[in-house]
Amino acid sequence: MEVICLSRCLSVALALFCGVSWPQARSALAPENEVPLRPTAWLPEGRVTTVPLPKGRTRRLYFTLKKKAAVMSVAVSPCDLPIEWSLASRTLKDKPVKAVQWSTKKSTPEVWWRGSGTEEKMHSYTGNAMDTYTGAPYAPASIYIIRLRSKEQDTRATVYLHEGPGASGAFPLLPADPRVHTLGVGMTSVTLSWAPSPSLTRLPHTQKSYDYCVLANPKHNYPSLCAAREGIRKEKAKDQKRERKENRRKVTVWPILKEWWWQQWETYSEPQAAPSSVPDEYADLQCVCKGTENVCTVSELLPDIQYYFDVFVIDRLNRTSAAYTGTFARTHEEARPAITQLREGELRWVTFRDGGSNREQLFSFRPRGWQQSGLLTLQSCGGGQKVQVTVSSKGQVLTSQAVGDDLAQIWLQGSPSYLIHLEREGPTTGQASAVADTALPEGLRSSVKMQTSSAYHRRGVPSLPSTLQIKSFNRLRSCNSATLAWMGTEERSLYCVYRRKLGKAEGETEGVSAPTAPCLGPESRSDTERILCKYFQELNPRRAVTTAVIGGLEPGTAYVFDVYLMRRWGIPIKYASKTVRTRKEC
């Protein structure tokens, strides 16, 4: 007999250690009457019990009822994942005899299983919301089994048993309409309201054991407060993991050794005194609204984003909560200026008013051809002030860059239409105006020169000269002529030369009064100032130098020469102005 008992105990220990089930041994008892070899978990009445649920394993809770209990209720609240739970009643045909020898060594559920009886399923539920079963006891002599199982991941659930009629009082009560309503939606705020909880309305004003907690997030609604806390914890863990990765990339060996050195000293520091006050259990929730008011305005939201709002009523004494039916709302988008349609090859001046009333402007462009390619060229004329240009299509940003005095070329390809967003940045209005006064005529302050054109037969942006400087040769300068040279490109292009005669006062300053604004194109010049236009092309960029001899000049006179690269696509490119004085005597 001792050998049999010893072998049975060893089998029990192996089963508990390895996690395998008891083998189906041949015995006089039916297989369904075998006792599961696991510790018996009794569910106490009137106490909230938290049950861990490992993935794929069924957890069982047992309880019995008092003889005088007329009604019972079982409430199961999953945390963050759907679970399966069921309630069954096992009834014996004959009441177990206490005088049996092995009854003193067995637990009560084992005694019920060893006897002959039947088991009947009373209730089952699958989901992630709180579920409550309420009903009469099944039979006077019964043991009840609650089975809980999670199929997806490890999670937990809370179980509460209540005997007798009426509400248990362990969980806050929800009103007949548990929905959260939206009173108003703005660009950065949303106002919510909900029916008050009966748990709060029944309490006297002196007792304040209940609170509302409003949470907002841009992802989804939470079915319970436990799910919300779990989601917040996971988000913080992701952020901390991302920060650790970034810190690993930045730190070097010496900071690591330095940090380790100080940690060795900190380990021997004096222990800190424990805090006198108990920390708030729900401090990690970061409720946007907290209190007993059933109206909340959630502010500091981002425009044009859909937010999800959840309202929970929390019982701080019992450490339980109940969730209202959450809602969602999309904040209004920012007021944007009207979108202007750009025509093919149109040269447009985009001006910004002083005072920042229209710091941004929107344009749209549809390139021709099935290739859906085009060229956008821009140049700022704000005297050192930059403009941020952002090109997007179908809600996705394709490129974004700052445009200054230098010409910017943006290649457009692959979309039927493009949205061009211009926003002014750079120095203050007063500084920009002071610089622009000397270079730009009235009405061209804080402006951008822009042109869009289809380029369905091109594969990329046109090439630009390596330098925009004009060189004059002193040896080739005479009383009535001057020789100029400038860099070209490997593409065949037209170059036009303009001249302007300076007066005696301007000639003495040697070109200080010459126009220096690079965005002023040939359209702002008089036809009488154009002296020649020539085509030029050189496949070798290092040898792409062209010259022009300018004749018909007056002796001892100063002239300002400007060269423009006239392109079929994009705005003309202006070279830096060059001042040349002819010789007085030859």
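## What about the state of the cysteines?
- Summed over all chains, the structure comprises four disulfides.
- Shown here is the disulfide that connects cysteine 289 with cysteine 296, its sulfur atoms set 1.9 Å apart. A torsion of 75° about the S-S bond marks the disulfide between cysteine 289 and cysteine 296 as right-handed. Across the pair, cysteine 296 and cysteine 289 agree in class, each one buried.

## Brief notes about the packing of aromatic side chains
- Per the stated rule, a full pass over the model turns up nine aromatic pairs.
- The interplanar angle of 50° and the centroid separation of 6.3 Å between the aromatic rings of tryptophan 486 and tyrosine 495 together place this pair among those described as tilted. Grouping residues by exposure puts tryptophan 486 and tyrosine 495 together as buried.
- Feature note: the residues Trp194, Tyr212 and Tyr324 constitute an aromatic cluster, connected by ring pairs.

## A look at the sheet that holds strand β20 (residues 373-380)
- Across the sheet, which stays open at both edges, the four strands sit in the order β18-β25-β20-β23 with antiparallel pairing between neighbours. Of all strands in the sheet, those with a lone pairing partner are β18 (347-351) and β23 (408-413), marking the two edges. Neighbour-to-neighbour, the strand axes of this sheet turn through a mean angle of 20°, independent of strand direction.
- Where β18 lies against strand β25 (residues 447-454), five bridges are found, and the strand directions are antiparallel. Paired with valine 350 across the strands is valine 448, a residue of β25.

Definitions and cut-offs
- Residues numbered from 1 in each chain as written.
- Predicted model: local features only at pLDDT ≥ 70, side-chain atom pairs only at ≥ 80, totals over all residues.
- Heavy atoms only, no water.
- Disulfide = S-S within 2.5 Å.
- Buried < 20%, exposed > 50% of the residue type's maximum accessible area, 1.4 Å probe, protein only.
- Phe/Tyr/Trp six-rings, centres within 6.5 Å; stacked < 30°, edge-to-face > 60°.
- Pairing = 2+ DSSP bridges.
- Helix = DSSP H or I, 4+ residues; strand = E, 2+ residues; numbered from the N terminus.
- Axes fitted to C-alpha atoms, helices over the stretch in contact; angles between N-to-C directions.

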